[in-house]
Structure formats: structure tokens, C-alpha cells
Amino acid sequence: MHPLAQKLNEALHDTLIGICLSDYGKEIYFPEGIVAQATEAGKKAHRYNATVGMAYVDGQPMILPTIQDNLPRLTPMEAVGYAPTAGNPKLRIAWKEGLVRKNPELDERFMSLPAVTSGITGAMVLAAELFCAPQDHVFYPELSWDNYDLMFATRFQARVHHFPLFDKKGVLSIEAVADMILNKVPEGGKAILVLNYPQNPTGYSPTKQQAVEWERELIRVASQNRHVVVILDDAYFGLCYEDDIYPHSLFNLLYKAHPNILAIKCDGATKEDYVWGFRVGFFTVGTTSMTPQIAEALEAKVKGALRASVSSCSQVAQSILYKELTSLVYHGIKKKYMEELKKRYEVVRDLLNRRSAGRKLQELPFNSGYFMCFDTGNLNANTLREKLLNDEGIGTIALGDRYLRVTFASIDVKDLPDLYETIFRTADALSS
Ligand SMILES: Cc1ncc(COP(=O)(O)O)c(C=O)c1O
């Protein structure tokens, strides 16, 4: 049991609540990770808040104009009617068309119609509800979104195997992960692999060559009599800032890679369409054995699981998102927003290349998404975070003792030099 859960249970010991808790109720806790640190930064970071995964301009969240314009214009049904269990059918089709456009190797015959979930988190939980039994083997990197531990280890009681995201040379681990799966999962068994690109917290995405390597290595695993469920967390899809990055989702390759590979795409409007609080995600399954009959049975399973958890998702958000996806200005405006985030990335790269201070902070490879991470080496990452927050009014996220995550996507270009120079100076002062 996690020590934080133990502490909570001690506080509830011999109370009616403590006595009545389920096994899951006893195991669950609220991590002292990203959300807790972001809450603290919300109170104290009066200069820059580079903690939470949102993109800001001039202190306000970025918002696409069609979203803003449509807010007061909805019909009563669009605004407050119930949405169907698996989501607005027109929206589901529009999202599917978008997936096919963004992932040119997708063949609609082998994929399910995306179901609407409560954010990408909801899609991941649905994937786990349907495919992750207690004691199943689940694989994801040591440095990952902290919610994976809460979902897979605490809630679904899986056997979690963490692997290093990069090898000792700083290259994405792929072959070693395939070997690890073959080692841990017996023949005939099931492996669940969670891949998230662009990655949280490092901001790394595979190159074109690495994408093909993932495909080859997972085929190697699948052909040795392992069932492989690959859950693709594509939360930051599309935010690629370098030309050599594989520009599609790995779903594009994996759904048809081998009959033993089941690919599940968890994505959503949250970051792709700058609507963090809408809570609209999508759950899409791809596999070579998909037939209309199989898709129908799967749809019933998905609807059952949604009905038993959230019942259905926000109608108002789905109505506005549908208008956004089908508006004529959508692609042009989105491109502009993406270019703004790319500019922020390029400024950060430039600052790192030109820095004279803060050399003890070693950045991990990054090329995409919202974040970058420093390896703080001998300097305790939380000590640096606290110093930045309390003395400089700057919010960052410490991940364990060694890594500091900076959300450059949430900081205006004009403020990035001051932010990074303050981080470098503070790290140097603490190291001397
Ligand atoms: C990697 C990753 N996956 C999923 C999510 C959650 O997305 P949503 O807010 O749509 O549930 C986040 C949010 O920060 C994330 O960083």
C-alpha cells in the first residue's frame, strides 16, 4: 500500500468511514505530485507559473475564436439536452474523419467509431476497465504522467513494470522494452504497454526511424505468442517542432502491425483544440480482426462501461466542439496557435544553446509538446522548485529528487528569457 494511503487510513482508523471503505477505497490516495505542486504554485507563483499543462497568452488560456463565439449561440438541446452514452454521433464521425486525415495509413474497416469519454483521462480509464485485470502486466516509462500509477497500480491493481524512457546514451528505449516484455510476460500471456507522445513530462516524440522501430519490435513481441494491448495516450498530438519527428500517431502503424496487437488510441480535444476544461476525449480501438459484428459488440461493451461510470459526457462541450471541427476557419487558426507554441519551443532551445549559467542542469531530449525536463543531478529538484517558488515567484514541477519539469507552452515568448535565466541563476546559487 502507498504510504500516503496508509496515512489517510490511519486518520480514518476506527471511524465509520474507515470501517466501511472498500479495498479500492483503502488503496486510493491523492498524490503529492503535479496537481499538489501546481495548486501551491497557483497561490505563490506571482511571476511565472510553468507548472500546469495549459497554454496561456497574456495570462488567459488560449481559446479558439469559434469556441468563444458559439458559447452564447447554442440551442437548448445543444446546450442542456443529454448527450448519447457514447457521444454525439455527428461529433464521433467528425473525429473519425479527422483521425483518418491525420493518420494516412488508417483503414476505417479496422477501427471502431471513436467513443466520447470524459477527457483523455476517461479514455485511459475505459481502456483499463475493459482490458486490465488485477495482476496483468502493464509497462510504461519511469518518467510518465503521474496519473498512470494511480490508475494502473492503485485502481486496477496491475503489476506495473517501469522502464527507463531513454538509454544511457539518451536514446529512446525501444528494443530493451520489447525484451523486458518478453522476459516478464509468459507465452500466451497479455502485455499492456502505455506509450505517450509527445511525452509528459519530457516533451519527447519518436523520430520517423524510431516509430518504425517501435512497430518492428512490437511485431517481434507479438509473434512470440504474446497478446499486446498498446494504449496510445495521444494527449499532445500534433505539437511537433522538428522535421524528423514521426508526424502521425503510432496508432497509424500499430493497429495493423500484427494480429496479436490491439491498438487503443486515447486522444481528445483537451490539448489538440485548446479546451482543457471541456472534458471531451475519445476512445478508438484498431485491430486487423475488426469486423462490423466485432465493432458492434465492442460498442455495446464501451457503452456499458460508460453507462456504469459517467453515464454520458458533457453535451454543451460536444456541441461546441462539433461546430469548431466543422468550421471553415478551423485548420488555419489551429495552425497559428501551433506556430505560437513552436516559437516558444525555439526560444527555449536558443536559450539553452546560449546559456552561460545553469550548466549543471542537463535538459533531457525534447522536440514536441508542452514540456521540457531538466535532470538536476546532485541538486535536489524539490529544493530548486521550492527556492524558485518562494524566492522568485516561479512555479515549476519537481518529479522525484532529480527532475524539474517546465511547461514552456504556458509562458509568453517575451517572458521565457527571464524565466530560464532565473532558473539557471537559482540552480547555480544552490550548487555553489
Ligand atoms: C500525458 C497526458 N495524458 C492525459 C492527460 C489528461 O487529459 P484530459 O485532461 O483530457 O483528461 C494529460 C493532462 O495533463 C496528460 O499530460
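Residues numbered from 1 in each chain as written. Predicted model: local features only at pLDDT ≥ 70, side-chain atom pairs only at ≥ 80, totals over all residues. Heavy atoms only, no water.

Student: Help me out: how do you make sense of the packing of aromatic side chains in this one?
Tutor: To describe a pair of aromatic rings, you give the distance between the ring centres and the angle between the ring planes. What the rule picks out here adds up to 20 aromatic pairs. Summarising the aromatic geometry, the rings of W145 and Y148 are spaced 5.9 Å apart at their centres and angled 90° between planes, so their arrangement reads as edge-to-face. In textbook terms, an aromatic cluster arises when at least three aromatic residues are bridged by ring pairs, as seen for Y140, W145, Y148 and F152. For K102, the ring lying beneath its charged end belongs to W95, and the centroid distance is 4.8 Å. Sitting over the face of the ring of F366, R349 holds its NZ or CZ atom 4.1 Å from the ring centroid. (Phe/Tyr/Trp six-rings, centres within 6.5 Å; stacked < 30°, edge-to-face > 60°. Lys NZ or Arg CZ within 6 Å of the ring centre and 35° of its normal.)

Student: Would you take a moment to explain the sheet that holds strand β6 (residues 159–163) for this structure?
Tutor: In any sheet, the strands associate via hydrogen bonds between backbone groups, in a parallel or an antiparallel arrangement. In space, the seven strands of this open sheet follow the order β4-β10-β9-β8-β7-β5-β6, with mixed pairing throughout. Looking along the sheet, the strands with just one partner apiece sit at the ends: β4 (115–117) and β6. Neighbour to neighbour, the strand axes of the sheet diverge by 25° on average, direction disregarded. With seven bridges connecting them, strand β7 (residues 190–196) and strand β8 (residues 227–233) associate as parallel partners. Residue pairing in the sheet places N196 in a bridge with D233 of β8. Against the sheet, helix α7 (residues 89–102) makes contact with β4, β9 (261–268) and β10 (281–286), and its axis sits at roughly 115° relative to β9, the strand it touches most. (Pairing = 2+ DSSP bridges. Helix = DSSP H or I, 4+ residues; strand = E, 2+ residues; numbered from the N terminus. Axes fitted to C-alpha atoms, helices over the stretch in contact; angles between N-to-C directions. Contact = heavy atoms within 4.5 Å.)

Student: Please clarify how the packing of helix α17 (residues 381–392) against helix α18 (residues 416–431) should be interpreted in this entry.
Tutor: Helix packing for two helices is described by the angle between their axes and how far apart those axes are. In contact at an axis separation of 10 Å, α17 and α18 are set at 120° when each is read in the N-to-C sense. Considering the relative orientation of α17 and α18, their crossing is right-handed. Here α17 contributes T383, L384, K387, L388 and E392 to the contact with α18, which in turn contributes T422, I423, R425, T426, A427 and L430. In the contact of α17 with α18, the residues fall into five nonpolar, three polar and three charged. (Left-handed = near helix turned anticlockwise from the far one by under 90°. Nonpolar A, V, L, I, M, F, W, Y, C, P; charged D, E, K, R; others polar.)

Student: Even after reading the chapter, I still don't get the site of the ligand, so can you show me in this structure?
Tutor: The environment of the ligand is formed by G119, I120, T121, W145, N196, N200, D233, A235, Y236, T270, K271 and R279. One of the backbone nitrogen or oxygen atoms of I120 is found 2.7 Å away from an oxygen atom of the ligand. At 3.1 Å, a side-chain N or O of K271 approaches an oxygen atom of the ligand. Considered on its own, the ligand offers 390 Å² of accessible surface; in the complex 90% of this is hidden by protein. Elements with a contribution of two residues or more to the shell around the ligand: α8 (119–131) and α13 (269–272). Residues of the shell around the ligand, tallied by class, amount to four nonpolar, five polar and three charged. (Near = heavy atom within 4 Å. Polar contact = N/O pair within 3.5 Å; in protein donor to acceptor, adjacent residues only side chain to side chain. Areas by Shrake-Rupley, 256 points an atom, 1.4 Å probe, with all protein chains shown as cover.)

Student: Quick question: what am I supposed to make of empty space enclosed by the protein here?
Tutor: Space left empty within the atom packing is revealed by a probe, the size of a water molecule, rolled over the atoms. Taken as a whole, this structure holds three cavities of 30 Å³ or more when the rule is applied. Space inside the largest cavity adds up to approximately 130 Å³. Y197, P198, Y246, H248 and S249 are, among the 15 residues lining the largest cavity, the residues nearest its centre. Split into classes, the residues belonging to the lining of the largest cavity amount to 10 nonpolar, four polar and one charged. Each pocket or cavity is described by its volume, and for the second largest cavity that value is around 70 Å³. Taken together, 13 residues line the second largest cavity, and the ones lying closest to its centre are P141, L165, L195, N196 and Y197. The greatest single-element share of the lining of the second largest cavity, amounting to three residues, is contributed by β7. Residue composition of the lining of the second largest cavity, grouped by class: nine nonpolar, four polar and no charged. (1 Å grid on protein atoms, 1.4 Å probe; cavity = no way out; pocket = protein on both sides within 12 Å on 5 of 7 lines; lining within 4 Å. Points joined across faces, edges and corners; volume = space filled by probe spheres on them.)

Student: Is there a simple way to explain the pattern of salt bridges in this structure?
Tutor: One side chain can pair with another of opposite charge once the charged atoms of both are near each other. Taken as a whole and assessed by the stated rule, the structure comprises 28 salt bridges. For the salt bridge of K102 with E272, the shortest nitrogen-to-oxygen distance reads 2.9 Å. On the criterion of sequence distance, the pair formed by K102 in helix α7 and E272 in helix α13 is long-range, its members being 170 residues apart. Its relative accessible area of 5% is what places E272 among the buried residues. A salt bridge links R155 to E129; the nearest nitrogen and oxygen atoms lie 3.3 Å apart. Highlighted residues: R155 in helix α9 (residues 147–155) and E129 in helix α8, separated in sequence by 26 residues. What makes R155 partly exposed here is its relative accessible area of 33%. The network of salt bridges with common partners includes E340, K343, R344, D412, K414 and D415. (Salt bridge = Lys/Arg side-chain N within 4 Å of Asp/Glu carboxyl O. Buried < 20%, exposed > 50% of the residue type's maximum accessible area, 1.4 Å probe, protein only.)

Student: I tried to follow helix α4 (residues 34–44) on my own but got confused; where do I start?
Tutor: Each α-helix turn comprises 3.6 residues. Residues three or four places apart therefore point the same way. All of the buried residues along α4 are I34, Q37, A38 and A41. Each buried residue of α4 lies within a common arc of 100° when the element is viewed along its axis, so the set occupies one face. For α4, the exposed residues set more than 90 degrees away from the buried face come down to G42 and K43. Its buried side turned inward, α4 meets β1 (48–49), α17, β13 (394–395), β14 (397–399) and β15 (403–407). (Arc of directions from axis to C-beta.)

Student: What's the story with the nonpolar core in this structure? I'm lost.
Tutor: For soluble globular proteins, nonpolar side chains are generally found buried alongside one another. Counting residues in each nonpolar core, the largest one holds 131 residues, and the members touching the most others are F152, W214, L250, F374, L419 and Y420. For this core, the element with the highest residue contribution is helix α16 (residues 330–354), accounting for eight residues. Mapping this core onto the domain boundaries places at least three of its residues in each of domain 1 (31–53 + 331–431) and domain 2 (74–325). Non-local contacts of F374, meaning those with residues more than four positions away in its chain, are made with L352, R355, L361, Q362, E363, R402, Y403, L404, V406, Y420, I423 and F424. (Core = buried A, V, L, I, M, F, W, Y, C linked by side-chain atoms within 4.5 Å. Domains from an automatic or database assignment.)

Student: Any chance you could explain the state of the cysteines here in plain terms?
Tutor: Two cysteines, two sulfur atoms, one covalent bond between them: this is a disulfide. Scanning the entire structure with this criterion turns up zero disulfides. Here C313 stays unpaired: no disulfide links it, and the sulfur of C266, its closest cysteine neighbor, is 13 Å away. Since its relative accessible area comes to 8%, C313 is described here as buried. Of the cysteine sulfurs around C373, a residue in no disulfide, the closest is that of C240, at 18 Å. (Disulfide = S-S within 2.5 Å.)

Read these as layout, nothing more, since geometry by itself doesn't imply function.
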